[in-house]
Amino acid sequence: MTDTLMHTYSPQAVTFEKGEGILLWDENGKQYLDALSGIAVCGLGHAHPAISEAIADQAKTLIHTSNLYQIKHQQELADRLCEVSGMDKVFFSNSGAEANEAAIKLARLYGHQKNIDSPEIIVMEGSFHGRTLATLTATGNRKVQAGFEPLVQGFVRAPYNDIEAIRNIAQNSQNIVAILVEPVLGEGGIQIPDTDYLNGIREICNENDWLMMLDEIQTGMCRSGQWFAFQHNNIQPDVMTLAKALGNGVPIGACLAHGKAADVFQPGMHGSTYGGNPLVCRVAKTVIDTLDNSNAAEHAKTLGTYILNGFNTALKDVNGVNDIRGMGLLLAIELDNPCVELVSIALEKGLLINVTAERVIRLLPPLIMNEQQADQLINMVSEIVRSFLSK
Ligand SMILES: *Cc1c(COP(=O)(O)O)cnc(C)c1O
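Predicted model, so just to flag it, every value in this text is computed and none were measured.

Caption draft 1: Up close: helix H9 (residues 278-293). Over its 16 residues, H9 extends 22 Å from the first C-alpha to the last, a length consistent with the 22 Å expected when each residue adds 1.5 Å. With respect to burial, H9 is a largely interior element, 13 of its 16 residues being buried. A positive backbone phi angle near 50° is found at Asn-295, which sits one or two residues after H9.

Here it is, written out as structure tokens:
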């Protein structure tokens, strides 16, 4: 390894060369089962034929023109996204953090339109919203913020899964314009709130004329067992952000708005040089069609339950296993103690997993995984956890 990369990551000592479906191969030809999907990005797995074909064909046709001209694939992608989400309008960015930046700017504009000069957004403890200055400020994790002060103004923090705390803030502040929240805390350790949490937030937003803004960057695109996690709750958010699995690996993010939030942005207020270019939009459209045609949401729900049952059988009475939980293919095994070493132990055995919040084993397998492959995943993870805890 040369030393010309800024040291923002400490990567594992492996270089992958090729992928197919849920499998990866490194430089030495060793095979791995991917239960992380590039952090919830490759929902359709690696080298999916429809995706590879869309990329190659569009690259040969037209990659970029800028948003100074109309882009047919962008318009069609927006139509499809609104169709599956019930939202009205879309702005395309190149990443999740940028999608959240758009949401934050939209909320501030909305506030100013209501003559609130210092608009504030409620954000949650344990949340993750990205690494730009505004989104790291919104993030509820000191480690992400430390060293980058002064942080951005205009955020108020509440504990996650605590409706009363939000009601208290509502009573004591005149400047709130929106709530930004993840339907499930992803980086925060697959924390799943009470089933009526989002309904409670919707209600408070309605009562106070605030925007309900959902960060579905990790939960969206069928992973939770619905197209979007809010659809488990029979509600409609005012704003929703997407990225990760939307492009299956090509960089694209989206900020979607509904109703009164849909027309807040006017020409000149926001932009991106190559956000929503023909290449990424063609690919994301293919992602949506492929997910749709394979009933991916239903499959994620069924397979997620299957894997949870498998872990419950294999690990339930194991000392040191604190909790086993999941929603669709957002899966977690929480241990009593820190277990970051498990990532390299699993890698050695040919398995990609992640540990977040220090002691939560996080699994985000591709949505195209079948039952046999799930059995293999259950066996491998259970064995690694058992052997780790018996030491
Ligand atoms: C990954 C993630 C982001 C940030 O996305 P980037 O593309 O890395 O900027 C924001 N919010 C959530 C919930 C995420 O999981």
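Structure shown, so let's carry the discussion forward.
Caption draft 2: Region of the structure containing the sheet that holds strand E15 (residues 360-363). Strand order in the open sheet made by the four strands is E11-E12-E15-E14, with antiparallel pairing throughout. Because the sheet does not close on itself, it has two edges, and the strands there are strand E11 (321-327) and strand E14 (354-356). Recorded for the sheet is a direction-independent mean angle of 25° between the axes of neighbouring strands. For E14 and E15, the ladder comprises three bridges, and the chain directions are antiparallel. Residue pairing for E15: Val-355 is matched across the bridge by Ile-361. Strands in contact with helix H10 (residues 296-315) are E11, strand E12 (330-335) and E15; relative to E11, the strand with the most contacts, it is inclined by about 170°. Most of the contacts of helix H12 (residues 371-389) go to E12, to which it runs at about 15°, and overall it touches E11, E12 and E15.

Caption draft 3: Representation of the nonpolar core in the model. With 86 residues, the main nonpolar core has Ile-166, Met-221, Ile-307, Leu-351 and Ile-361 as its most contacted residues. Setting aside its immediate chain neighbours within four residues, Ile-307 contacts Leu-329, Leu-331, Met-369, Ala-374, Leu-377 and Ile-378. Among the nonpolar cores identified, the runner-up in size contains 24 residues, and Ala-107, Ile-121, Phe-155 and Val-239 belong to it.

Caption draft 4: Representation of the sheet that holds strand E3 (residues 31-34). If you trace the four strands from one edge of the open sheet to the other, you get E1-E2-E3-E13, paired in mixed fashion. Single-partner strands in this sheet number two, and they are strand E1 (16-20) and strand E13 (351-352).

Caption draft 5: Representation of the side chain of Arg-223 within the structure. By the element assignment, Arg-223 lies in the loop between strand E8 (211-215) and strand E9 (239-242). A distance of 2.9 Å separates a polar atom in the side chain of Arg-223 from the backbone oxygen of Pro-365.

Criteria and thresholds
Residues numbered from 1 in each chain as written. Predicted model: local features only at pLDDT ≥ 70, side-chain atom pairs only at ≥ 80, totals over all residues. Heavy atoms only, no water. Helix = DSSP H or I, 4+ residues; strand = E, 2+ residues; numbered from the N terminus. Expected span 1.5 Å × (residues − 1). Buried < 20%, exposed > 50% of the residue type's maximum accessible area, 1.4 Å probe, protein only. Pairing = 2+ DSSP bridges. Axes fitted to C-alpha atoms, helices over the stretch in contact; angles between N-to-C directions. Contact = heavy atoms within 4.5 Å. Core = buried A, V, L, I, M, F, W, Y, C linked by side-chain atoms within 4.5 Å. Polar contact = N/O pair within 3.5 Å; in protein donor to acceptor, adjacent residues only side chain to side chain.

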